[in-house]
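# Inside the fold
Below are the chains, spelled out letter by letter.
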Amino acid sequence: MASKSLYKNKPEKSEPQKKRDAWLSVLEKEAKVNDKKRERAQEVVDVYADDRKDNDTANQFNILWSNTQVLAGALYSHTPKPDIRRRFLDRDPVSREVAAVLERSASFLIDSYDFDGTAGWALNDYLVPGFGQVRIRYKPFYEKGPSIPVTAEEDGTFRYLGEEIEPELTDAGTQYSPDVIAYQEVTCEPVEWRKFRWDHLAKRWEDVNWCCIDHYMTRSELVEEFGAIGKKISLTHSDSGKAKSESEQSHALVHEIFDKKKRQIIYVSEGYKEGPIQSIDDELKLEGFFPFPKPLFATQISGSMYPVPDYVFYQDQAEELNRVTGRIEKLIEALKVRGVYDQSFEELGGIMKAGDNQLIPVKDFAARFDGKDLRSVIAFAPLDELAKVVAGLYVQRDQIKQTIYEITGISDIIRGSTDPNETLGAQQMKGQFADMRLSRRRNAVNAFLRDIVRIKTEIVAEHFEPMTLQLMTGIEVTPEMTQIMRSDVLRSYKIDIETDSTIAADANAEQKNRLEALTSLSQFLQMAVPAVQQGFLQPELAKELALFGIRGFKHSRQLEDVIERMGSQDQNDPAAMQAQIGQAQQQIQQLQQQLQQGGQMLQEAQKKAEGREMDAQVKMQTSQQQIMADREKNDAGIEFEREKLAATTQLELQKAAMQIEADDRRHLMTLQAQRDKNASDESFRMKELARQNPDDLALQADAESDGGIRESLAVIAAAAAAYIEKQGQPFIIRYGKDGRIAQIGDKPIVRQ
């Protein structure tokens, strides 16, 4: 008995399902190769945005943000202006008009929306995560055209331009109103760096076979974009990534894939398993297929196209800069006036809170201090070592910043930090060094902007209606012009598309060369007119020589038309030819004068600019010198006020001390006088008692002794008064073992 198979055969996938799975597999492989690089770039973005954890409150120096702002201004300073002209500058009036139409239309389309904002977004992504990109979109706007009669096919259906339609039955018969283009525009929008992916196997942009833009779309956006299929797509993501729970599943991740080989745009999603959501054949028909230019790449390592952010190359120095800044913050926090004081002087606890010119009262100051200095009861914590460390850290931080500037190529002239003592030549050398370091980046940004203009111009040339172009530019578009614009080959052969940022370096030289050519041409025509009259010079040759001098000049189209018409009416009439040559010569002279005036104005503007630069430098030097002088004056004033305050305080303290001493002396004199009086009274009493009791020998002895004391006290009082008057200082009274005064001041008492 044959055993049954334990496994059922899986149903074979359809071709659309295989196509979907194949693209998802390619994207998964790309993610394995580049996801870690994207994570590193995201870390750099977090540093730029100062996006830190909640518990990280340390003070930091965001050098990445500062460098990015400086470089952004140096690399993109103004909106690019299209410069479209004939490639070979030969005699081709149709190509000349085509160039004029494309230049005006491209200029209008750049000014019709916020181009600077879009370019700035891409530039910021280029400088921070290392990759910047924009996408060009073509937007036609339709309206109903006039009704036209239609007839049914053999199968009963109605068709218009090969497509089945639904006409309307009117009194005039079966009518259909086709959609006609009412307006057309071409814009560009930024593409978020983390949502743009490309062929990870390619080593050069020219070898890239596919690109992908990821979209996180809500249900309403899915239905609006894909119709009924949008309702079948599962929501598996949040607005920024894979959902962690069902409650966060609010978006679907849709991959918009640009397949260069098959020239298709394919939409696939993990949430839709029946096949690609949608496949669209190439509608723009661009020569390079992709509706976006070559991205702005930062440093690329051999073997990989994925760029390395610039911050990676000075990340260690930036982290060291943050550590030094954090130490400075902690030390400054500790750099405070702290100290101790004698607890017995409670009044000194508020001395640091006293206002200007305010004294703190201390009870019994003189008696309690007894000649002591205030510093003997107050001691401050030492701050000299902390101040030295903080100053050293500031120096170290400046050195780290200079190292970072050397790595990034940002010279101090770009940062606006110059030495007022430097000469103009020294500052120009710094600027040239900065230009040398930034030239590669500036060229990449200029090429990026030029490619945007080229793609816009290609869309305009191939898809814009002649009437739209005529309304937009004011130039009549002929069938011959349309033929050149619609052909990639003819357009690339005849038209060159640049921007002013890519040709600015040669503009002055070009104008000077053309001015010299017109000067030579004017001199030639002065000799050519007699030669044509005498038959020595053919009119056609004179005309070609005149055209030779002006075809390369951008704003000479009108004059070129005049010269090309010269001789077309009657080539055999020398007088007519002479008049036409004279007219052309007059116009050339006028143009030459205009060029000379323009050159003079340019020279004057350059001189004024140099003068303004010199004035600005002088003003800067004067301003800095004035600031230094004001600072020194201010410091001197502060020091003077400090010394004045100290002297005033010392004087007040001396006055208070002298007043206290005078009060002490008066009090002592009063006490001494009282003692003398008491002694005199006691002596009188003793004498009186001795007189009343003549037989009491003890009283007689005490009376004699008291008289000696009284006499001694009188001597002591006289000596004390003389000492105070002579010395102007308080005196010290010392008593002997017998209870009698032994010394006044530094003078011993000598008794007979």
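Because the structure is a prediction, the values reported are computed rather than measured.

## Things to note about the state of the cysteines
- Taken as a whole and judged by the stated rule, the model has zero disulfides.
- Unpaired in terms of disulfides, Cys-212 finds its nearest cysteine sulfur in Cys-211, a separation of 8.8 Å.
- What makes Cys-212 buried here is its relative accessible area of 0%.

## Overview of the packing of helix H6 (residues 315-334) against helix H8 (residues 384-408)
- Running from amino to carboxyl end, H6 crosses H8 at an angle of 160°, the nearest separation of the two axes being 9 Å. Put simply, H6 runs roughly antiparallel to H8. Crossing of H6 against H8: the hand is left-handed. On the side of H6, the interface is formed by Gln-317, Ala-318, Glu-320, Leu-321, Val-324, Thr-325, Arg-327, Ile-328, Leu-331, Ile-332 and Ala-334, while H8 contributes Leu-386, Val-389, Val-390, Leu-393, Tyr-394, Gln-396, Arg-397, Ile-400, Lys-401, Thr-403, Ile-404 and Ile-407.

## Observations regarding the sheet that holds strand E8 (residues 179-191)
- Across the sheet, three strands lie side by side as E8-E2-E14; this open sheet has antiparallel pairing. Either end of the sheet is taken by a strand with one partner, and the two such strands are E8 and strand E14 (296-297).
- Taken together, the two bridges between strand E2 (residues 131-144) and E14 define a ladder with antiparallel strand orientation. Looking at E14, one finds that Phe-131 is bridged to Phe-297.
- Across the sheet, helix H4 (residues 115-127) is in contact with E2, E8 and E14; its angle to E2 comes to roughly 155°.

## A look at a nonpolar patch on the surface
- On the surface, Val-337, Ile-351, Met-352, Leu-374 and Phe-380 cluster together to form a nonpolar patch covering roughly 490 Å² of accessible area.
- Tracing the backbone through its elements, the reader meets Ile-351 in the loop between strand E17 (339-341) and helix H7 (365-369).
- For Ile-351, a relative accessible area of 30% corresponds to the partly exposed category.

## Considering a negative patch on the surface
- Side chains of Glu-153, Glu-154, Asp-155, Glu-164 and Glu-166 sit close together on the surface and give a patch of like negative charge.
- Positionally, Glu-164 belongs in strand E5 (residues 163-165).

## Let's talk about the confidence of the model for the protein chain
- Of the residues in the protein chain, 66% reach a pLDDT of 70 or more, and the chain-wide mean stands at 77.
- Confidence drops under pLDDT 50 across residues 1-6; counting only partners more than four residues distant or on other chains, this segment forms zero contacts.
- With pLDDT under 50 throughout, residues 502-506 is counted as low confidence; its partners more than four residues away or in other chains account for five contacts.

## With respect to the sheet that holds strand E7 (residues 173-176)
- Spatially, the three strands line up as an open sheet ordered E3-E7-E6, and their pairing is antiparallel. In the strand order of this sheet, the two ends are held by strand E3 (148-149) and strand E6 (168-170), each with one partner.
- Relative to E7, E3 is paired through two bridges, and the arrangement is antiparallel. For Ile-148, the partnering residue across the bridge sits in E7 and is Tyr-176.

## A word on the pattern of salt bridges
- By the definition in use, this model includes 25 salt bridges.
- Its salt-bridge partner being Glu-256, residue Arg-135 comes within 2.7 Å of it at the nearest N-O pair. One end of the pair, Arg-135, is in strand E2; the other, Glu-256, is in strand E11 (residues 252-259), with 121 residues separating them in the sequence.
- Here Asp-451 ties to Arg-450 by a salt bridge, and the two come within 3.4 Å at their closest N and O atoms.
- Where salt bridges share partners, they join Glu-30, Asp-35, Arg-38, Arg-197 and Asp-214 into one cluster.

## A look at the packing of aromatic side chains
- Applying the stated criterion across every chain yields a total of 17 aromatic pairs.
- Both rings, one in Tyr-138 and one in Phe-464, keep their centres 6.2 Å apart while their planes meet at 45°; by these two values the pair is tilted. Placement of the pair is Tyr-138 in strand E2 and Phe-464 in the loop between helix H9 (424-463) and helix H10 (466-473), with a sequence separation of 326 residues.
- Phe-464 sits in the buried class, given a relative accessible area of 0%.

What counts as what
Residues numbered from 1 in each chain as written. Predicted model: local features only at pLDDT ≥ 70, side-chain atom pairs only at ≥ 80, totals over all residues. Heavy atoms only, no water. Disulfide = S-S within 2.5 Å. Buried < 20%, exposed > 50% of the residue type's maximum accessible area, 1.4 Å probe, protein only. Axes fitted to C-alpha atoms, helices over the stretch in contact; angles between N-to-C directions. Helix = DSSP H or I, 4+ residues; strand = E, 2+ residues; numbered from the N terminus. Parallel < 35°, antiparallel > 145°, perpendicular 65-115°, else oblique. Left-handed = near helix turned anticlockwise from the far one by under 90°. Contact = heavy atoms within 4.5 Å. Pairing = 2+ DSSP bridges. Patch = residues over 30% accessible without salt bridge, like charges linked within 9 Å, V, L, I, M, F, W, Y side chains within 5 Å. Areas by Shrake-Rupley, 256 points an atom, 1.4 Å probe, with all protein chains shown as cover. Salt bridge = Lys/Arg side-chain N within 4 Å of Asp/Glu carboxyl O. Lys, Arg positive; Asp, Glu negative; His and termini not counted. Charge placed at Lys NZ, Arg CZ, Asp CG, Glu CD. pLDDT = per-residue confidence, 0-100. Phe/Tyr/Trp six-rings, centres within 6.5 Å; stacked < 30°, edge-to-face > 60°.

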